[in-house]
Amino acid sequence: MYKIYDLKCNKMNNPIGIDLTPCFSWRLESDRQDTFQTAYEIAVYDEKQSCVWRESNKSSECFNINYKGEELKSSNKYTYCVKSYNNHGEVAESETKEFTMGILDKSIWCAKWIEAPQARKPLLDETDSGAVFSGAVKSKENQEEFLNPPVYLKKSFNIEKSVKKATVYATAHGIYDLNFDGVSVGEVLAPGYTVYNKYLEYQQIDVTDKLFKGSHEIVCILADGWYTGKIGLMGIGNQYGETNAFLMQFEIEYEDNTKELIITDKSFEWYEGEYKYADLFVGEFVDYSAQEYNAPDSAKTNNNKYCSNVIEKDYGCDNLRGRVCESVRILRYMKPVELLVTPKNELVLDVGENIVGYTKMTVRAKKGTVIGLEHSEVLDKDGNFLQNIMGQNKNQKDIIVCGDKEVVYEPKFTFHGFRYVKVTGLCKEDIETSFSEIFEFAVLGSDLEKTGEFVTSNEKINRLQENIFRSQQGNMLSVPTDCPQRERAGWTGDMQIYTDTAVFNMNVDKFLEKWLENMRLEQLADGQIPNIIPQMDSNKYIDGENKKHVCSAGWGDACVIIPYKLYRAYGDKKILKDNYEMMKKWTAYVEKQAGTTFSKMPEEMTAEEKERQKYLWNTEFHFGDWLIPSIMKKTGNPMETAVLTKEPVATAMYAYTTALMIEVNTVLGNFDEAKRYTKLNKKIREAFSDEYIDENGIIKPDLQGIYVLAINMGMVSGNKLEKCIERLVELIHQNGDCLDTGFLSVPFLLDTLCDNGHSDLAYKLLYQTKCPSWLYEVDMGATTIWENWSAIRPDGTRTNSSYNHFAFGCVGDFMYRKIGGLNIGEAGFKKLIIVPDFECGLEFAHTKYLSEYGEVAVDWKLKDNKYNILIKLPPNTSGSVKLNNKTVEIGNGRFELSGNI
Ligand code: BGC
């Protein structure tokens, strides 16, 4: 058996609306040993079935195959298929897949941007970050006084002939729900979150099956979304503009080959419908009592609402972009596991796990009944509903006023991070037996392919891995976010430390490629990478207005670390090429900062110190080893961790990034640059060692994370290395065998111990259940990864932290590699180094990973001091298996090895 599967175009299944060169990939499976593709044939056909590209290639490549055929036409659908030949004389044929091009020539856009001349309410959001973070400012109850209703944009049209093909191209400033004759045809939370002024995605939707002969109505409901909504840590609106707008081009092709174009222009009418407001963070307020449910036409006659013409705007279309990766979808629906009546006598639904999405409700209640659905991640110590998110405009509450008919409420313009939902307006008797019919929960996220599986003999470890996955799923929503409730921002540092784990769990290739392009667009002229991508103007209220330095070590470094890690995982040099200029500009910025700004006055330094200063990045603000548990416990203030650790941490990151730049330049063949970075990296490492490490191997500040970073970034050498390791071990023991590492050092902690003869301690930390530890969270009932290790304190107190931050879940990668044994040998998992650790304290581990080549599996178990290991590697790959200090080279296929431990 020789099989092709997962044939994809730009790593997507039958994508619609791509405007980049199509790039094909497929995975292979074989039941024979040592299978290699010897040649492939690919053929692409247009709508008339004529072949526009055919290529036969004697090559083992099965991904990154770029289309090189005839010029592709806008909006055309193409089909393609592949044949693969192998060294055993077998042939595999793929199924036929398709892709549809987007608008390839911007001059095709003739639609006008339209806006409703809605009198928008003034922005009254608090801008004093101190007031917001101290808890003095809270989310307002009466949000209808401050938020604007979404607008309905409407146009009627007639179809008089048979339709062959009908395609909508649409996008918005804001988010939109597009309806044809009352049926929603659009995508979830479209157009997603990007650097809008430079990169705005449009959606291409096939509506052919909606267009029978007769009269039709298009209604677009346009809400604030990320564009004007109350987003980010500060919860301030209008981050990208002050009004929402819509752009749509609708092409109809008739059976008689004539065409018709309907575009947004001033012929559209607008009105306000059943929504009082719909904010991404605050929630929705829908009133079904004032008008007929879901009947836009009848809204016309509604007392104080009216239909009037929209205005056209000239926002242009230079920033419009087609699809690059899978968009946000409803990933699954879930039912409540329980209806709780809390000690305060409130009704609270329990989802059973912390999710990102919304509550759907199907209920019949008396007209005018006001139902509230308030979302939160935890209950308090006593089991009462607790709104755990601090700040303004974080209500996470949907309000529904019932009309005459049964209400089927499903939010379109908001989502929440939650496990619990407080239901008001319905009484216990009405719902206690039917709550699981009335309520459902939709889980939302970018639709990324699940690639990893990891199950061991330790239930808690399995649960930890599931929690990590859940946090990743909830935070990969249009952009990689820090958390799904308080900020939902693309914090670069969070993604940087988590990339290796993200890769094991899901295919994040295109998703991050798109985000990195947005990062490039946001890079400042001097090379700085803002801390969050897309950037938000309201960050100035946190950073300080007019500040020149708006980045941080460990966060900005994401622009080097992430592309490099993606290259290693997916084996495509393009990611390095595309981002190379950004990386260079960033490292040049850091080099300049380090070389020209010093933490001491020149007269305070010896000549030697002065020379060293040039290689220390010890000025400006940095987040440092963010959220170190002991400092958080002592001060409760994360900024303390920043102030205390920022200097050595920034220099450690400088060393890390320059070391990666050596690799990047070597891969790209820029050997002179690689040499330059090698020299620079050496100087940085020496400067760090001289400045921060004393002869006894003590580093200042004397914290676990600083040792971890120093050891990992190669800054400790000679006999100091042993001393530093000893000190690290001592610090861990002094801390009751608990970790005390922050954001930037956590990903290296366990490896540092394992690589330096202290695996036992590494596993002790992994299996530790005292606070702070990963399994402490599991024991406390966590279903996602927390922002703070003690988000629920040992005494049961619930804090205002986020309960869904994937950052500290970066240990997922350690488990796949060290316990599972899966390591990347050659980029793209072309070669695997399989080194399971039988001394990890477990009886078995089943690990699977869907690489670009196909499925990799390593199953090992121990019994009576004997091991048994089953390995499966896909065609075109090979492996090195290291067991008991012996290395066995294998090809691909299935292998079983056993022996004494
Ligand atoms: C976010 C983090 C982020 C940090 C910067 C926080 O508020 O939630 O995850 O990286 O700020 O230090």
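Up top is the structure these notes are about.
What counts, and where the lines are drawn
Position labels on residues start from 1 in each chain and follow its written sequence. In keeping with the model being predicted, local features are shown solely for residues with a pLDDT of at least 70 and side-chain atom pairs are shown and tallied solely at 80 or more, while totals for entire chains, interfaces and linings include all residues. Side-chain calculation: all heavy atoms of the structure are included, whereas hydrogens and water are not. Lining residues are those with an atom within 4 Å of a point, where the points come from a 1 Å grid over the protein atoms alone and group into cavities, where a 1.4 Å probe fits but cannot get out, or pockets, open sets with protein on both sides within 12 Å along at least five of seven lines. Grid points are joined across faces, edges and corners, and a volume is the space filled by probe spheres set on the points. Each residue gets one of three labels, nonpolar for Ala, Val, Leu, Ile, Met, Phe, Trp, Tyr, Cys and Pro, charged for Asp, Glu, Lys and Arg, and polar for the others, Gly among them. If DSSP finds at least two bridges between two strands, the strands pair. Numbered from the N terminus, helices here are DSSP runs of H or I no shorter than four residues, and strands are runs of E no shorter than two. Throughout, the term near means that a residue has one or more heavy atoms lying within 4 Å of the molecule or strand in question. Contacts described as polar in this section are N or O atom pairs within 3.5 Å, which, within protein, must combine one atom able to donate a hydrogen with one able to accept it, while residues neighboring in sequence count only if both atoms come from side chains. Areas reported as accessible are Shrake-Rupley estimates using a 1.4 Å probe. Residue values count occlusion only from the protein chains shown. An axis is simply a line fitted to the C-alpha atoms; with a helix, the fit covers only the stretch in contact. Between two such axes, the angle follows the N-to-C directions and lies from 0 to 180 degrees. Residue contacts are defined here by distance: any two heavy atoms, one from each residue, within 4.5 Å place the two residues in contact. Burial here depends on accessible area, computed with a 1.4 Å probe over protein chains only, as a share of the maximum for the residue type. Under 20% is buried, over 50% is exposed, and the range in between is partly exposed. Reported orientations rely on four angle classes, namely roughly parallel under 35 degrees, roughly antiparallel over 145, roughly perpendicular from 65 to 115, and oblique for the rest. In this scheme, a crossing is called left-handed if the near helix is turned counterclockwise away from the far one by less than a right angle; it is called right-handed if the turn is clockwise. Cysteine sulfurs are considered disulfide-paired once they come within 2.5 Å of each other.

Caption draft 1: Local environment of empty space enclosed by the protein. A full pass over the atoms with the stated rule returns 9 cavities of 30 Å³ or more. Surrounding the largest cavity, 16 residues form its lining, Gly 192, Ser 327, Val 328, Ser 478 and Lys 514 being those nearest its centre. The residue inventory of the lining of the largest cavity, partitioned by class, reads 7 nonpolar, 5 polar and 4 charged. Space inside the second largest cavity adds up to approximately 70 Å³.

Caption draft 2: Layout of the sheet that holds strand E11 (residues 151–159). Pairing is antiparallel across the open sheet formed by 6 strands, whose spatial order is E14-E13-E17-E11-E20-E23. Every interior strand has two partners, whereas the edge strands, strand E14 (183–184) and strand E23 (308–309), have only one. Relative to strand E17 (residues 214–223), strand E13 (residues 175–180) runs antiparallel, the two sharing 6 bridges. Residue pairing for E17: Phe 180 is matched across the bridge by Ile 218.

Caption draft 3: The arrangement of the site of the ligand in detail. As a structural note, the neighbourhood of the ligand is formed by Asp 482, Arg 486, Glu 487, Trp 491, Asp 494, Trp 555, Phe 623, Trp 626, Phe 743, Glu 787 and His 805. Between the ligand and Glu 487, the relevant distance is 2.5 Å, taken from an oxygen atom to a side-chain nitrogen or oxygen of the residue. For the ligand, an oxygen atom lies 3.2 Å from a polar atom in the side chain of Trp 626. Protein chains bury 95% of the 310 Å² of accessible surface belonging to the ligand in isolation.

Caption draft 4: How the structure looks around the pairing of strand E41 (residues 844–850). As paired strands, strand E36 (residues 452–456) and E41 are joined by 5 bridges and run antiparallel to one another. Its bridge partner being in E41, Thr 456 is matched across the sheet by Ala 845. Of the strand pairs in this sheet, E41 and strand E42 (residues 855–863) are connected by 7 bridges, and their pairing is antiparallel. Note on E42: the bridge partner recorded for Lys 848 is Ala 857. Hairpin connection, E41 to E42: the antiparallel pair is bridged by 4 residues, and Gly 854 has positive phi, about 150°.

Caption draft 5: Just the sheet that holds strand E43 (residues 866–873), in detail. Ordered by their spatial adjacency, 5 strands build an open sheet running E36-E41-E42-E43-E46, and the pairing between neighbours is antiparallel. Of all the strands in the sheet, just E36 and strand E46 (893–900) have a single pairing partner and so form its edges. With strand direction ignored, the average angle separating the axes of adjacent strands in the sheet is 5°. For E42 and E43, the ladder comprises 7 bridges, and the chain directions are antiparallel. Bridge pairing links Lys 863 to Lys 866 in E43.

Caption draft 6: Focus on the packing of helix H18 (residues 746–755) against helix H21 (residues 811–819). Contact geometry for H18 and H21: axes closest at 8 Å, N-to-C directions at 35°. Here Leu 750, Asp 751, Cys 754 and Asp 755 of H18 come into contact with H21, specifically with Val 811, Phe 814, Arg 817 and Lys 818. Residues that form the contact of H18 with H21 fall into these classes: 4 nonpolar, no polar and 4 charged.

Caption draft 7: Highlighting the side chain of Gln 37. By the element assignment, Gln 37 lies in strand E4 (residues 37–45). With relative accessibility at 3%, the residue Gln 37 sits in the buried group. Of note is the side chain of Gln 37, whose polar atom sits 3.2 Å from the side chain of Trp 26. Polar contacts involving the side chain of Gln 37 include one to the main-chain carbonyl oxygen of Ser 59, which spans 2.9 Å. Excluding residues that lie within four positions of it along the chain, Gln 37 makes contacts with Tyr 2, Trp 26, Leu 28, Ser 59, Ser 60, Glu 61, Cys 62, Ser 84, Tyr 85, Asn 86 and Asn 876.

Caption draft 8: Spatial organisation of the packing of helix H16 (residues 704–712) against helix H17 (residues 719–734). Closest axis-to-axis distance for the H16/H17 pair is 9 Å, and the angle between their directions is 150°. Viewed along their axes, H16 and H17 adopt a mutual orientation that is roughly antiparallel. The handedness of the crossing between H16 and H17 is left-handed. The residues of H17 that touch H16, namely those facing Gln 704, Tyr 707, Val 708 and Ile 711, are Leu 721, Cys 724, Ile 725, Arg 727, Leu 728, Leu 731 and Ile 732. Looking at side-chain class alone, the contact of H16 with H17 contains 9 nonpolar, 1 polar and 1 charged residues.

Caption draft 9: Quick look at unusual backbone geometry. Cis geometry marks the peptide bond from Ile 533 to Pro 534; its omega dihedral reads -5°. Examined against the element boundaries, Pro 534 turns out to sit in the loop between helix H8 (509–522) and helix H9 (540–543). The backbone of Leu 627 shows a phi angle near 65°, a positive value even though the residue is not glycine. Here Leu 627 shows up in the loop between helix H12 (607–613) and helix H13 (629–635). Residue Leu 627 is classed as buried on the basis of its relative accessible area of 4%. Backbone geometry at Asn 865 places phi at a positive 60°, although glycine is not the residue there.

Caption draft 10: The arrangement of the state of the cysteines in detail. Here the structure, examined in full by the defined rule, presents 0 disulfides. A disulfide-free cysteine, Cys 317 has its sulfur positioned 9.6 Å from the sulfur of Cys 110, the nearest such atom.

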